[in-house]
Amino acid sequence: ATDPILQAMKAEMQRSKSQLQLEQMQRPFFIEYRLTDDDSFSSEAVFGAMRLEQRSHVRLLRVVVRVGDYKQDSSGGQGDGVVDLAPEEDNVMAIRHRIWLATDQAYKNAIELLTHKQAQLKQFENETMPDDFSHEKPVESIAPLMHLEVDAERWRTELKAATALYRSDASLEMLIGRTSFRVQNKYLMNSEGTVLRQPELLYSLSVSASAQAPDGMRIQKAYARTAKTPAELPATEELRTSTQKVLDQIAELRKAPLMEDQYRGPVLLAPDASDAIVARLIGVPVLGRRPRPGVTTRTTGDFASSWKQRVLPDFMDVTDDPTVEQIGRAHV
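This section reports on the structure supplied with the text. (Residues numbered from 1 in each chain as written. Predicted model: local features only at pLDDT ≥ 70, side-chain atom pairs only at ≥ 80, totals over all residues. Heavy atoms only, no water.)

## A word on the overall build of the protein
Step number 1: Each helix and strand counted, the protein has five helices and nine strands in total.
Step number 2: Order of helices (α) and strands (β) in the protein, N terminus to C terminus: α-β-β-β-α-β-α-β-β-β-α-α-β-β.
Step number 3: Computed over C-alpha atoms, the radius of gyration of the protein comes to 26 Å, more than 25% over the 20 Å expected from 2.2 N^0.38 for 332 residues, which places it beyond the range of a compact globule.
Step number 4: By principal-axis analysis of the C-alpha atoms, the protein measures approximately 75 × 55 × 40 Å.
Step number 5: Within the protein, the fraction of its 332 residues that count as buried is 33%.
Step number 6: Within the protein, residue pairs in contact and separated by at least 24 positions form 69% of the contacts whose partners lie at least 6 positions apart.
Step number 7: Only carbon and sulfur atoms are counted for the fraction: they give 51% of the accessible area of the protein, which is about 21800 Å².
Step number 8: Taking the average location of the 42 positive side-chain charges in the protein and that of its 48 negative ones, the two points are 1 Å from each other. (Helix = DSSP H or I, 4+ residues; strand = E, 2+ residues; numbered from the N terminus. Rg over C-alpha atoms; globule rule 2.2 N^0.38 Å. Buried < 20%, exposed > 50% of the residue type's maximum accessible area, 1.4 Å probe, protein only. Contact = heavy atoms within 4.5 Å. Areas by Shrake-Rupley, 256 points an atom, 1.4 Å probe, with all protein chains shown as cover. Lys, Arg positive; Asp, Glu negative; His and termini not counted. Charge placed at Lys NZ, Arg CZ, Asp CG, Glu CD.)

In structure tokens, the structure reads:
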């Protein structure tokens, strides 16, 4: 009752379910509202001086309307859904107005898309096609709202002090310190009865340096920390120590001998890089996608021809559980 966004979404959902229909046209069988309230802060210091400081607040609205039925609907076209900006102020009527306009446009697009889709599918009438949509049990989860915590003055001082360490090494070409703080409260509501409000918090801090080796090779090193709260970010002394470590690594790399032979063998990955490597080498190739009409292949990429075949060694297991927040001492 105290959330104007939920109030606006609920009121418009009730209106759309009861009144949204053009004359002699099908009524929608499914309507979905998504709204992301994004509050972010970013700052950047270079060589001991501030270069950027920005605070932004935006609300992104996406409305999807499906016409037809669960077996065959209007989805799959380039105009599937409408994206718009919702008002930043907590004005229920203003938010409802933007949702109403987006819903009206999404409905009209869906009618046109369904007609076009049915015409295209006539050439595949003898082919068994999977259902376009599934009917799911409604879920309701309203998590507490989160708000961005920013001490701008503190981070101005921290970044300027850390990047001022460039004076210890005249060979540095760049030394940058950055903060990126973001809190998103994500809303989802659909005509089946699902209502969700879920916050996501991300506070990240990084320092990166670059130089050039005597042979002309560019050298880059960085330090980064990501946390859920500002309190988990490094204190002044830790940030200074970590920055100095980056500068020491740059100095060592500049003096390192050039390797003439190419190396082919095992590679050890740093923790920060391991998730990206797993995502690129395993996550994307095994992702199943709905095939286009006339196409039976559901996977693409390196494992497209490895259906029901082993793609990892016996000693390795991969588990996907988005509800896990911590494994041992490592935060996910």
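From this point, the narrative continues.
## Remarks on helix α3 (residues 152–163)
Step number 1: Relative to the 16 Å expected for twelve residues at 1.5 Å per residue, α3 spans 17 Å between its end C-alpha atoms, a close match to the ideal helical length.
Step number 2: Turning to α3, its buried residues number three or more, namely A152, W155, E158, L159, A162 and T163. One side of α3 carries all its buried residues, which in axial view fall inside an arc of 125°.
Step number 3: Buried residues along α3 sit against β1 (28–46), β2 (49–67), β5 (174–190), β6 (195–212) and α4 (236–255). (Expected span 1.5 Å × (residues − 1). Arc of directions from axis to C-beta.)

## Some remarks on the packing of helix α1 (residues 4–19) against helix α2 (residues 92–121)
Step number 1: Running from N to C, α1 and α2 point in directions that differ by 40°, and their axes come no closer than 9 Å. If you check the angle between α1 and α2, you find them oblique. Once α1 is placed against α2, the crossing between them reads as right-handed. In this structure, α1 uses P4, I5, Q7, A8, M9, A11, E12, R15 and S16 to contact α2, whose residues at the interface are V92, I95, R96, I99, W100 and T103.
Step number 2: In the contact of α1 with α2, the residues fall into nine nonpolar, three polar and three charged. (Axes fitted to C-alpha atoms, helices over the stretch in contact; angles between N-to-C directions. Parallel < 35°, antiparallel > 145°, perpendicular 65-115°, else oblique. Left-handed = near helix turned anticlockwise from the far one by under 90°. Nonpolar A, V, L, I, M, F, W, Y, C, P; charged D, E, K, R; others polar.)

## Here we look at unusual backbone geometry
Step number 1: At Q24, a residue that is not glycine, the phi angle is positive and equals roughly 65°.
Step number 2: Summarising the element assignment, Q24 is placed in the loop between α1 and β1.
Step number 3: The class of Q24 is exposed, set by a relative accessible area of 77%.

## A word on a nonpolar patch on the surface
Step number 1: Where nonpolar side chains cluster on the molecular surface, the patch consists of Y263, V267, L269, I277 and L281 and spans about 520 Å² of accessible area.
Step number 2: Mapped onto the secondary structure, L281 falls in helix α5 (residues 271–283). (Patch = residues over 30% accessible without salt bridge, like charges linked within 9 Å, V, L, I, M, F, W, Y side chains within 5 Å. Salt bridge = Lys/Arg side-chain N within 4 Å of Asp/Glu carboxyl O.)

## Quick look at the side chain of T179
Step number 1: Assignment of secondary structure puts T179 in strand β5.
Step number 2: There is a polar contact of 2.4 Å between the side chain of T179 and the side chain of S43.
Step number 3: Residues contacting T179, with those up to four places away along its chain left out, are F41, S42, S43, W155, L159, S204 and L205. (Polar contact = N/O pair within 3.5 Å; in protein donor to acceptor, adjacent residues only side chain to side chain.)

## Structural notes on the pattern of salt bridges
Step number 1: Taken as a whole, this structure holds 23 salt bridges when the rule is applied.
Step number 2: Put simply, R15 and E12 hold a salt bridge, and the shortest N to O gap is 3.0 Å. On the criterion of helical spacing, the pair formed by R15 and E12 is a turn pair, its members being three residues apart in helix α1. Each of the two residues, R15 as well as E12, counts as buried.
Step number 3: Between R156 and E53 there is a salt bridge, and its shortest N-O distance comes to 2.8 Å. One end of the pair, R156, is in helix α3; the other, E53, is in strand β2, with 103 residues separating them in the sequence.
Step number 4: Take E53: its relative accessible area is 35%, and that puts it in the partly exposed class.
Step number 5: The structure contains a network of salt bridges with shared partners spanning R66, D73, K117 and D132.

## Some thoughts on the packing of aromatic side chains
Step number 1: Across all of its chains, the model carries eight aromatic pairs by this definition.
Step number 2: Arranged with centres 6.4 Å apart and planes meeting at 75°, the rings of F29 and F133 form a pair that is edge-to-face. Here the residue F29 occupies a position in strand β1, and F133 occupies one in the loop between α2 and β4 (140–142), the gap between them amounting to 104 residues.
Step number 3: In this structure F133 comes out as partly exposed when scored by relative accessible area, which is 21%.
Step number 4: Put simply, the rings of F29, F30, Y70 and F133 pair up and form one aromatic cluster.
Step number 5: Across from the ring centre of F133, 3.8 Å away, lies the NZ or CZ of R66, which sits over that ring. (Phe/Tyr/Trp six-rings, centres within 6.5 Å; stacked < 30°, edge-to-face > 60°. Lys NZ or Arg CZ within 6 Å of the ring centre and 35° of its normal.)

## Overview of the pairing of β1
Regular strands place their side chains on alternate faces of the sheet.
Step number 1: When you tally the buried positions in β1, you get 16 out of 19 residues, the bulk of the element.
Step number 2: Relative to β2, β1 is paired through 18 bridges, and the arrangement is antiparallel. If you follow R34 over to β2, its bridge partner there is R62.
Step number 3: As consecutive antiparallel partners, β1 and β2 are separated by two residues, and within that stretch F47 has a phi angle of approximately 50°, a positive value. (Pairing = 2+ DSSP bridges.)

## As for the pairing of β2
Step number 1: Inspection of the sheet shows β2 paired to strand β3 (residues 82–86) by five bridges, in the antiparallel sense. Within the sheet, the bridge partner assigned to R62 lies in β3 and is V83.

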